[in-house]
Amino acid sequence: MSSRLIYGCMTIGGTWDAAPPTAATVDRARAAVRAALDAGITDFDHADIYAHGKSEAVFGQLLEEDPDLARRAALQTKCGIRLPGNTAAPGAPAHYRLDRDTIRSSLEGSLRRLRVDSVERLMLHRPDPLSDPLEVAATLDELRREGLIRSVGLSNMSLRQVSLYQQLLATPVTAVQIELSLRHRSFVERQILVNHVEGAEHSFPEGVLEYCAADGIEVQAWGALARGLYSGAPIPPEDQHAAATAHTVEEIAAEHGTTREAVVLAWLMRHPGGIRPVVGTTDPERIAACTEAEALVPRLGHEQWYTLLNAARGASVP
């Protein structure tokens with residue numbers, strides 16, 4: 001059975017420059033991707049900007065040398081972020097671009113690097129205020145008719161933006177990807193702080209999770225491990241809330257005989273929105289630790305979930 005987790009390939013390409021990937025980088029990527037596949041993770045998340053395109057290129061090499069990976073892997077990639085010296089000219093400003101030529105050329109480049117004929121899903125990485133939604137939708141529908149993509153994903157977008165593309169596209173919108181974690185928990189705060197003065201402090205696009213649930217759109221969480229803050233990464237001495245939360249995570253992990261990574265991810269997955277965390281560590285042991293989350297979800301009690309929330313927010317819910 002396929003895992004609810006998604007493997008994020010942002011770091012498998014090594015450095016974010018034009019230097020080719022080293023043999024050590026490829027070996028590390030091979031071990032990470034194999035660990036993910038062995039754990040039942042078959043969905044792999046890419047973007048044209050990751051490691052200057054090298055993450056896709058390394059994954060393409062792995063696909064070519066491993067028939068089992070090629071047979072089982074489902075790929076999604078993203079377009080729209082233009083970084084100087086990466087997806088844009090060296091002298092250009094960092095910007096977003098979602099015109100027809102950019103979307104098409106970005107996808108074609110990703111397909112070449114991945115060494116595949118199509119991907120399961122093409123995601124718009126971030127909104128471009130200068131884009132024409134009608135042109136964007138027409139381009140995506142064209143790519144689907146040509147068999148280059150099967151569906152569309154939307155990343156870092158508001159409820160109204162998701163709804164707009166739902167209306168304009170003939171191609172199905174099958175996923176919304178947005179930052180969600182125990183650290184980046186505004187999606188919960190907006191739910192519990194309705195008609196409360198503290199609610200104005202949280203910028204999460206209200207209604208996105210509910211809209212996706214009602215329309216059968218998958219919700220993907222990037223940054224799901226909060227950069228390891230609660231599962232072993234160094235905590236700044238002044239961040240007492242993070243230290244207290246890490247301690248609570250450790251206690252709950254010990255109680256259930258599982259890993260800290262599993263607790264952090266299960267907190268997300270316990271939400272009824274069907275959230276699918278994207279995990280991007282290249283450490284095979286941490287990948288295995290993450291995969292324990294699914295077994296923990298039905299055992300993470302209501303009160304434990306709120307214990308984690310209260311620790312992370314530094315105060316009890318109002």
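Residues numbered from 1 in each chain as written. Predicted model: local features only at pLDDT ≥ 70, side-chain atom pairs only at ≥ 80, totals over all residues. Heavy atoms only, no water.

Trainee: Give me the overall build of the chain: which residues, what numbers.
Mentor: The helix and strand tally for the chain stands at 13 helices and ten strands. For the chain, the C-alpha radius of gyration of 20 Å lies close to 20 Å, the compact-globule estimate for 318 residues. Each principal axis of the C-alpha distribution contributes one length, and for the chain these read about 50 × 45 × 40 Å. A buried classification covers 52% of the 318 residues belonging to the chain. If you take every contact in the chain between residues at least 6 apart in sequence, the share linking residues at least 24 apart comes to 76%. Distance between charge centroids for the chain: 2 Å, based on 31 positive and 41 negative side chains. (Helix = DSSP H or I, 4+ residues; strand = E, 2+ residues; numbered from the N terminus. Rg over C-alpha atoms; globule rule 2.2 N^0.38 Å. Buried < 20%, exposed > 50% of the residue type's maximum accessible area, 1.4 Å probe, protein only. Contact = heavy atoms within 4.5 Å. Lys, Arg positive; Asp, Glu negative; His and termini not counted. Charge placed at Lys NZ, Arg CZ, Asp CG, Glu CD.)

Trainee: Describe in detail the pattern of salt bridges, supporting the description with residues and values.
Mentor: Under the counting rule described, the total for this entry stands at 25 salt bridges. Taking the shortest distance from any N to any O, the salt bridge between R100 and E142 comes out at 2.6 Å. Here R100 is found in helix α4 (residues 100-114), whereas its partner E142 is found in helix α5 (residues 133-145), with 42 residues between them in sequence. With a relative accessible area of 18%, E142 lands in the buried category. Ionic pairing is found between R104 and E108, a salt bridge with its closest N-O pair at 3.4 Å. Here the residue R104 and the residue E108 both occupy positions in helix α4, the gap between them amounting to four residues, near one helical turn. (Salt bridge = Lys/Arg side-chain N within 4 Å of Asp/Glu carboxyl O.)

Trainee: Now, about the sheet that holds strand β6 (residues 119-124): what can you tell me, with residues and values included?
Mentor: Spatial strand order, β1-β2-β3-β6-β7-β8-β9-β10: eight strands in a closed barrel with parallel pairing. The average undirected angle you get between the axes of adjacent strands in this sheet is 30 degrees. Relative to strand β9 (residues 218-222), strand β8 (residues 173-179) runs parallel, the two being bridged by five bridges. Each bridged residue has a counterpart across the sheet, and for A175 the counterpart in β9 is E218. Across the sheet, α4 lies against β3 (74-79), β6 and β7 (149-155), angled at about 140 degrees from β3, the strand it touches most. (Pairing = 2+ DSSP bridges. Axes fitted to C-alpha atoms, helices over the stretch in contact; angles between N-to-C directions.)

Trainee: Help me get a handle on the side chain of Q177, residues and values and all.
Mentor: Inspection of the secondary structure puts Q177 in strand β8. One polar contact links Q177 to D45, side chain to side chain, over a distance of 3.3 Å. Excluding residues that lie within four positions of it along the chain, Q177 makes contacts with D45, Q76, K78, M123, L154, S155, N156, Q220, W222 and V278. (Polar contact = N/O pair within 3.5 Å; in protein donor to acceptor, adjacent residues only side chain to side chain.)

Trainee: Tell me about the packing of aromatic side chains, and please be specific about residues and values.
Mentor: Taken as a whole and judged by the stated rule, the model has seven aromatic pairs. Cluster of aromatic residues (ring-pair linked, three or more members): F187, F204, W267, W305 and Y306. (Phe/Tyr/Trp six-rings, centres within 6.5 Å; stacked < 30°, edge-to-face > 60°.)

Trainee: Tell me about helix α2 (residues 54-65), and please be specific about residues and values.
Mentor: The first and last C-alpha atoms of α2 sit 17 Å apart over twelve residues, in line with the 16 Å expected at 1.5 Å per residue. Those residues of α2 not exposed but buried are K54, S55, E56, V58, F59, G60, L62 and L63. (Expected span 1.5 Å × (residues − 1).)

Trainee: Residue-level account of the packing of helix α1 (residues 23-38) against α2, with values.
Mentor: Packing of α1 against α2 brings their axes to within 10 Å, and their N-to-C directions diverge by 65 degrees. Here α1 runs over α2; the crossing is right-handed. Across from V26, A29, R30 and V33 in α1, the residues of α2 making contact are V58, F59, Q61, L62 and E65. The class makeup of the residues in the contact of α1 with α2 is six nonpolar, one polar and two charged. (Left-handed = near helix turned anticlockwise from the far one by under 90°. Nonpolar A, V, L, I, M, F, W, Y, C, P; charged D, E, K, R; others polar.)

Trainee: Explain the packing of α5 against helix α6 (residues 159-168) to me, and be specific about the residues and the numbers.
Mentor: Between two packed helices, what matters for the description is the angle formed by their axes and the separation of those axes. For the pair α5 and α6, the least separation of the axes is 10 Å and the interaxial angle reads 55 degrees. One way to sum up the angle between α5 and α6 is to call them oblique. The element α5 and its partner α6 pack so that their crossing is right-handed. From α5, P133, L134, V136, A137 and D141 reach across to α6, where they touch L164, Y165 and L168. Within the contact of α5 with α6, the residues separate by chemical class into seven nonpolar, no polar and one charged. (Parallel < 35°, antiparallel > 145°, perpendicular 65-115°, else oblique.)

Trainee: Residue-level account of unusual backbone geometry, with values.
Mentor: At A226, a residue that is not glycine, the phi angle is positive and equals roughly 55 degrees. Following the sequence through the fold, A226 ends up in the loop between β9 and α9 (240-256). Judged by its relative accessible area of 12%, A226 falls in the buried class. A positive phi angle, close to 55 degrees, is found at R227, a residue other than glycine. Mapped onto the fold, R227 is located in the loop between β9 and α9.

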